[in-house]
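Each chain is listed here by its residues.
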Amino acid sequence: MLALGVKNLTLDLQADGVLVMTLDRAAKRNALNAETIEELVTLFTAIPRAGVRAVVLAAMGDHFSAGLDLVEHHKQDRSPAEFMHLCLRWHEAFNKMEYGGVPVIAALKGAVVGGGLELASSAHIRVADHSTYFALPEGQRGLFTGGGATIRVAGLVGKARMIDMMLTGRVYKGAEAVDVGLAQYLVEDSLATAMELARKAAQNLPLTNFAICSAISHMGNMSAFDASYAEAVVAGVVNTQPEARERLDAFAKGTAARIRPTT
């Protein structure tokens, strides 16, 4: 069901419920054309009800994504209304990722640029390798972000840094990219680490993951007063779920796994 009509992505649903979703336009540096966006909308609509416990978003070739397919955009010669509706489909896809309630871990490499950064910023965890670089070159190309960067990238790095990236073409990579919030991990093999993290997340109860990967984003859109109320309601539902009793019982008996810092 998940693979129906998919041309620009490869899918591998593993036995533990981890879905490896791979951008498959390496010849175009995984630029996002309109068809790919429609496939993302379709897949992230289906994923929450398809038994998927976590998603690893990966990419073929040397680059995660160079962003909007500028060749397609140039050839289409879209009207303002047509491009506005295309942007709305990008928002639809990325909102379904962020708010769908299933953990999405992005395995980054090479270019994470423009719309590619908008896609990556919609994931819940971003893992970069040492080849990864982040940029928003719209200013130099006579463009403006249309896939949520003003919301998500600004939320990660702050308004001033995002404006700097767009105005000057500033590129972030390595430890500096992690320090400003563009990625949470910097590793040798981003896919291997993303798989490890996804498998950990997949062991959590689905309702707990749903709250973590949906409610927190919703609460971020609320006033502090409303968010505190919503948090209490979500905690009331999640923290009393029957499936949690076995885990709480193990904690009470001292048999649950202890929390230890990694070395």
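Residues numbered from 1 in each chain as written. Predicted model: local features only at pLDDT ≥ 70, side-chain atom pairs only at ≥ 80, totals over all residues. Heavy atoms only, no water.

Draft legend 1. Inspection of the overall build of the protein at higher detail. For the protein, the helix and strand inventory stands at eleven helices and nine strands. Its C-alpha radius of gyration of 19 Å places the protein within 12% of the 18 Å reference for a compact globule of 263 residues. When each of the 263 residues of the protein is scored for burial, the buried share is 45%. For the protein, the proportion of contacts with a sequence separation of at least 24, taken over those separated by at least 6, is 71%. (Helix = DSSP H or I, 4+ residues; strand = E, 2+ residues; numbered from the N terminus. Rg over C-alpha atoms; globule rule 2.2 N^0.38 Å. Buried < 20%, exposed > 50% of the residue type's maximum accessible area, 1.4 Å probe, protein only. Contact = heavy atoms within 4.5 Å.)

Draft legend 2. Layout of the confidence of the model for the protein. Per-residue confidence for the protein gives a mean pLDDT of 95, with 98% of residues at or over 70. Summarising per-element confidence for the protein, the mean pLDDT is lowest in helix H11 (residues 245-253) (82) and highest in strand E4 (residues 104-108) (99). (pLDDT = per-residue confidence, 0-100.)

Draft legend 3. Geometry of the environment of Leu86. Tracing the chain through its elements places Leu86 in helix H3 (residues 80-99). For Leu86, a relative accessible area of 11% translates into the label buried. It is 31 Å that separates the C-alpha atoms of Leu86 and Val178, two residues lying 92 residues apart in sequence. Apart from the residues within four sequence positions on either side, Leu86 is in contact with Ala34 and Arg78.

Draft legend 4. Region of interest: the sheet that holds strand E1 (residues 9-13). Read across the open sheet, the six strands follow the order E1-E2-E3-E4-E6-E9; overall the sheet is mixed. The open sheet has two free edges, formed respectively by E1 and strand E9 (185-187), since each of these has just one partner strand. Taking each pair of neighbouring strands and ignoring which way they run, the sheet shows an average axis angle of 20°. With five bridges connecting them, E1 and strand E2 (residues 18-23) associate as antiparallel partners. Residue pairing across strands places Thr10 opposite Thr22, the latter belonging to E2. Those strands touched by helix H1 (residues 34-46) are E1, E2, strand E3 (54-59) and E4, and its axis lies near 20° from that of E1. (Pairing = 2+ DSSP bridges. Axes fitted to C-alpha atoms, helices over the stretch in contact; angles between N-to-C directions.)

Draft legend 5. Examining the packing of H1 against H3 more closely. Interhelical geometry of H1 versus H3 gives an angle of 35° and a closest axis separation of 8 Å. For the element pair H1 and H3, the recorded crossing hand is left-handed. Along its contact with H1, which presents Ala34, Ile37, Glu38, Leu40, Val41, Phe44 and Thr45, the element H3 presents Leu86, Arg89, Trp90, Glu92, Ala93, Phe94, Lys96 and Met97. Partitioning the contact of H1 with H3 into residue classes produces ten nonpolar, one polar and four charged. (Left-handed = near helix turned anticlockwise from the far one by under 90°. Nonpolar A, V, L, I, M, F, W, Y, C, P; charged D, E, K, R; others polar.)

Draft legend 6. Representation of the side chain of Arg152. Take Arg152: it is sitting in helix H5 (residues 152-157). The exposure class assigned to Arg152 is buried, which follows from its relative accessible area of 8%. At 2.6 Å, the side chain of Arg152 forms a polar contact with the side chain of Glu98. Beyond its immediate chain neighbours, meaning those up to four positions away, Arg152 contacts Phe94, Asn95, Glu98, Tyr99, Ser121, Ser122 and Gly147. (Polar contact = N/O pair within 3.5 Å; in protein donor to acceptor, adjacent residues only side chain to side chain.)

Draft legend 7. Region of interest: a nonpolar patch on the surface. Together, Leu207, Phe210, Tyr229, Val233 and Val237 line one region of the surface with nonpolar side chains, adding up to about 480 Å² of accessible area. Mapped onto the nonpolar patch, the elements with two or more residues apiece are helix H9 (206-220) and helix H10 (224-238). The element contributing the most residues to the nonpolar patch is H10, with three residues. Structurally, Leu207 is set in helix H9. (Patch = residues over 30% accessible without salt bridge, like charges linked within 9 Å, V, L, I, M, F, W, Y side chains within 5 Å. Areas by Shrake-Rupley, 256 points an atom, 1.4 Å probe, with all protein chains shown as cover. Salt bridge = Lys/Arg side-chain N within 4 Å of Asp/Glu carboxyl O.)

Draft legend 8. Structural view of H1. Compared with an ideal rise of 1.5 Å per residue, which puts 13 residues at 18 Å, H1 spans 19 Å between its outermost C-alpha atoms and is within 8% of the ideal. Regarding H1, the residues found buried are Thr36, Ile37, Glu39, Leu40, Val41, Leu43, Phe44 and Ala46. Packing partners of the buried residues in H1 comprise E1, E2, E3, H3, E4 and helix H4 (115-121). (Expected span 1.5 Å × (residues − 1).)

Draft legend 9. Region of interest: the pairing of E2. Taken across its six residues, E2 has six buried, putting it largely inside the fold. Linking E1 back to E2 in an antiparallel pair, the connection comprises four residues, with Gly17 at a positive phi of about 90°. Where E2 meets E3, six bridges bridge the pair, whose relative direction is parallel. Across the sheet, residue Val20 finds its bridge partner in E3, namely Val56.

Draft legend 10. Looking closely at the sheet that holds strand E7 (residues 133-135). Taken in spatial order, the three strands line up as E5-E7-E8 in an open sheet, and their pairing is mixed. Of all strands in the sheet, those bounded by a partner on one side alone are strand E5 (111-113) and strand E8 (172-173). With two bridges joining them, E7 and E8 adopt antiparallel strand pairing. Following the sheet pairing, Phe134 is matched in E8 by Tyr172.

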